[in-house]
Amino acid sequence: MTDTVFPRIDAERLLASLQSLGQLGALPGGGVNRLALTDADRLGRDWTVQRMRELGMEVRIDAIGNGIAVYPGQEDRPPVMMGSHIDTVRTGGLYDGNYGVLAGLEVIATLRDAGLRTRRPLAVAFFTNEEGARFQPNMMGSLVYVGGLPLADALTTHGIDGPTVGAELARIGYAGAAPVGAPQVDSYVELHIEQGLVLEQQGRQIGIVEGVQGISWTEFTLEGTSNHAGTTPMAMRHDAGLVASRIAVFARELALRLGGRQLATVGLMEMRPGLVNVVPNEVLFTVDLRNTDEAVLQQAEAELLAFAAQAAEAEGVRCRTRPLARFAPVAFDPRVVEEVAAQAGVLGLSTLRMPSGAGHDAQILARVCPAGMIFVPSAGGLSHNVREYTAPQALAQGAQVLLQVVMQLADRP
């Protein structure tokens, strides 16, 4: 418990900001499409930067396009940072990522209205290409920010539609001058929708996120021989589609066999030539493996690759693999985790300690400073979906917990 008197966030202002940002890249009938570094993303960035400056924050754009805004504190120290991302998937909702950034700005607005400044400065960040939907890997901006990915490698990465990150940053006017690779950050707290069903099903208001599960993305390319579907005997085929299907089924069965928190997803599969009466000669597909246990995740990766090689050889098909992303499981800082628990308790909110199933910038910032996350429920567990929704009361509760957590972190001796 704490004797600190905290100001209250303005829930209506927070909701209005989410709706306003959601108009940029809006899809007919609902939802948002702001793929990283597109024209829609530029509009979202412009809107967010303007809001930061209206709050009296000093805004810096770094060399990978991250936006970092600082609200001065009483002392010149590294800031306590809040943030997330404002890029979306092609059929995204209003809250994924955006909520963390705009709730951070609502914290600043609330403190500003109350005439309060914390001992340490406060910062709010939006990180480039968190989703990885257009450029891979995901969480690219925060990776470059902390020095986990060379800037040159990121800038020369080609998107799914051709252009490079560097070219698109320049085109939309967000190739900034601020350096990357050695950030001075006191601590980092990210508020996010859960993007899952657990909080809603268990009737809990706040998720105390203890860590993020490991993520392994692999791209497979299978090369066989295209041939006539009616004249080629089954025993004489080199069917890339068959091998891809076998690997996809194996990934599912592998996850079920390993049990626990092991997950496996085949989210993309493209067959060529893609004709009803032709044996496919090439298949490109992806496998997403996740686990909170690094050793089990490594076991899953090894078994998947071994099976893929065996299945391809049996069919006379060539198999090539390319790693797309690999993040080890992350445990968040105990002090930040316990502060989230304490402030949720001060507010009388029900809580659940849980891991994050999705990747977040917080797991990258954890490499350079104490970090943690706060979850609020997602209605029906929907995210990366135009019907993504979190109730206004839940959004306000999460933002209030965020405010109290960062005030406590920023005011400590």
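Residues numbered from 1 in each chain as written. Predicted model: local features only at pLDDT ≥ 70, side-chain atom pairs only at ≥ 80, totals over all residues. Heavy atoms only, no water.

A.B. asks: Sorry, what's going on with the overall build of the chain here?
C.D. replies: Counting its secondary structure elements, the chain contains 12 helices and 16 strands. Oriented by its inertia axes, the alpha-carbon framework of the chain measures out at about 80 × 45 × 40 Å. Within the chain, the fraction of its 413 residues that count as buried is 54%. In the chain, the share of contacts with a sequence separation of at least 24, taken over all contacts with a separation of at least 6, comes to 81%. Counting only carbon and sulfur atoms, one obtains 52% of the accessible surface of the chain, whose full area is about 16,900 Å². If you average the places of the 33 positive and of the 44 negative side-chain charges in the chain, the two averages end up 1 Å apart. (Helix = DSSP H or I, 4+ residues; strand = E, 2+ residues; numbered from the N terminus. Buried < 20%, exposed > 50% of the residue type's maximum accessible area, 1.4 Å probe, protein only. Contact = heavy atoms within 4.5 Å. Areas by Shrake-Rupley, 256 points an atom, 1.4 Å probe, with all protein chains shown as cover. Lys, Arg positive; Asp, Glu negative; His and termini not counted. Charge placed at Lys NZ, Arg CZ, Asp CG, Glu CD.)

A.B. asks: Help me out: how do you make sense of the packing of helix H1 (residues 11-22) against helix H3 (residues 98-113) in this one?
C.D. replies: The axes of two packed helices give the description: the angle between them and the distance between them. Interhelical geometry of H1 versus H3 gives an angle of 140 degrees and a closest axis separation of 10 Å. By the angle class used here, H1 and H3 are oblique. Along this stretch, H1 crosses H3, giving a crossing that reads as right-handed. Here Arg 13, Leu 14, Ser 17, Leu 18 and Leu 21 of H1 lie close against H3, whose contacting residues are Asn 98, Tyr 99, Leu 102, Ala 103, Glu 106, Ala 109, Thr 110 and Asp 113. Of the residues that constitute the contact of H1 with H3, the class distribution is seven nonpolar, three polar and three charged. (Axes fitted to C-alpha atoms, helices over the stretch in contact; angles between N-to-C directions. Parallel < 35°, antiparallel > 145°, perpendicular 65-115°, else oblique. Left-handed = near helix turned anticlockwise from the far one by under 90°. Nonpolar A, V, L, I, M, F, W, Y, C, P; charged D, E, K, R; others polar.)

A.B. asks: For this particular structure, what's the right way to read the pattern of salt bridges?
C.D. replies: Between side chains of opposite charge, pairing is possible as soon as their charged atoms come close. This structure, assessed with the given rule, holds 24 salt bridges. Taking the shortest distance from any N to any O, the salt bridge between Glu 223 and Arg 320 comes out at 2.7 Å. Of this pair, Glu 223 sits in strand E7 (residues 214-223) while Arg 320 sits in strand E13 (residues 318-327); the two residues are 97 residues apart in sequence, bridging distant segments of the chain. Overall, the relative accessible area of 25% leaves Glu 223 in the partly exposed class. Taking the relative accessible area as the measure of exposure, Arg 320 reaches 35% and is therefore partly exposed. Connected through shared salt-bridge partners, Asp 39, Arg 134, Asp 161, Glu 168 and Arg 171 make up one network. (Salt bridge = Lys/Arg side-chain N within 4 Å of Asp/Glu carboxyl O.)

A.B. asks: What's the story with the layout of surface pockets in this structure? I'm lost.
C.D. replies: One water molecule sets the probe size; rolling that probe over the atoms shows where empty space is left. Of the volumes computed, that of the second largest pocket is approximately 350 Å³. Taken together, 19 residues form the lining of the second largest pocket, with Arg 60, Ile 68, Tyr 145, Pro 183 and Gln 184 sitting closest to its centre. Mapped by element, the contributors of at least two residues to the lining of the second largest pocket are strand E1 (58-61) and strand E2 (67-71). Considered class by class, the residues forming the lining of the second largest pocket number 12 nonpolar, two polar and five charged. (1 Å grid on protein atoms, 1.4 Å probe; cavity = no way out; pocket = protein on both sides within 12 Å on 5 of 7 lines; lining within 4 Å. Points joined across faces, edges and corners; volume = space filled by probe spheres on them.)

A.B. asks: Looking at this structure, I do not really get the packing of H1 against helix H12 (residues 392-411). What am I missing?
C.D. replies: Relative orientation of the contacting elements H1 and H12 amounts to 110 degrees, with a least axis distance of 10 Å. On the basis of the axis angle, H1 is roughly perpendicular to H12. Counted together, Ala 11, Leu 14, Leu 15 and Leu 18 of H1 and Pro 392, Leu 395, Ala 396 and Ala 399 of H12 form the full contact between these two elements.

A.B. asks: Mind showing me how you'd approach the nonpolar core here?
C.D. replies: When a protein is soluble and globular, its nonpolar side chains tend to lie buried together. Met 57, Met 81, Tyr 99, Phe 332 and Leu 402 are the most contacted members of the largest nonpolar core, which totals 98 residues. For this core, the leading source of residues is H12, giving 11 residues. Once you skip the residues sitting within four places of it in the chain, Tyr 99 turns out to touch Leu 14, Leu 18, Leu 191, His 192, Ile 193, Val 376, Ala 394, Leu 395, Gly 398 and Ala 399. Counting residues in hydrophobic clusters, the runner-up holds 20 residues, among them Val 243, Phe 250, Leu 254 and Val 287. (Core = buried A, V, L, I, M, F, W, Y, C linked by side-chain atoms within 4.5 Å.)

A.B. asks: I tried to follow the packing of aromatic side chains on my own but got confused; where do I start?
C.D. replies: Each aromatic ring pair is characterised by the separation of its centres together with the angle its planes make. Throughout the structure, instances matching the rule amount to five aromatic pairs. Taken together through their ring pairs, the aromatic side chains of Phe 127, Tyr 145 and Tyr 188 make up a single cluster. Lying over the aromatic face of Tyr 174, Arg 45 brings its terminal NZ or CZ to 5.0 Å of the ring centre. Above the face of the Tyr 71 ring, Arg 117 is positioned so that its terminal group lies 4.4 Å from the ring centre. (Phe/Tyr/Trp six-rings, centres within 6.5 Å; stacked < 30°, edge-to-face > 60°. Lys NZ or Arg CZ within 6 Å of the ring centre and 35° of its normal.)

A.B. asks: Is there a simple way to explain the environment of Pro 413 in this structure?
C.D. replies: Structurally, the position occupied by Pro 413 is in the segment after H12. Owing to a relative accessible area of 79%, Pro 413 belongs among the exposed residues under this scheme. Considered as a pair, Pro 413 and Tyr 174 are 239 residues apart in the sequence and their alpha carbons are 36 Å apart. In contact with Pro 413, other than residues within four places in its own chain, are Arg 77, Arg 119 and Arg 120.

A.B. asks: I'm lost on helix H6 (residues 165-172) in this one. Help?
C.D. replies: In an α-helix, one full turn covers 3.6 residues, which means residues spaced three or four apart are oriented alike. Within H6, the full set of buried residues consists of Val 165, Glu 168, Leu 169 and Ile 172. For H6, the buried positions fall inside an angular range of 105 degrees around the axis, keeping them on one side. Buried residues belonging to H6 abut helix H2 (39-54), helix H4 (140-146) and helix H5 (151-155). Looking one or two residues past H6, Gly 173 carries a phi angle of roughly 80 degrees, positive in sign. (Arc of directions from axis to C-beta.)

Structural measurements only, silent on function.
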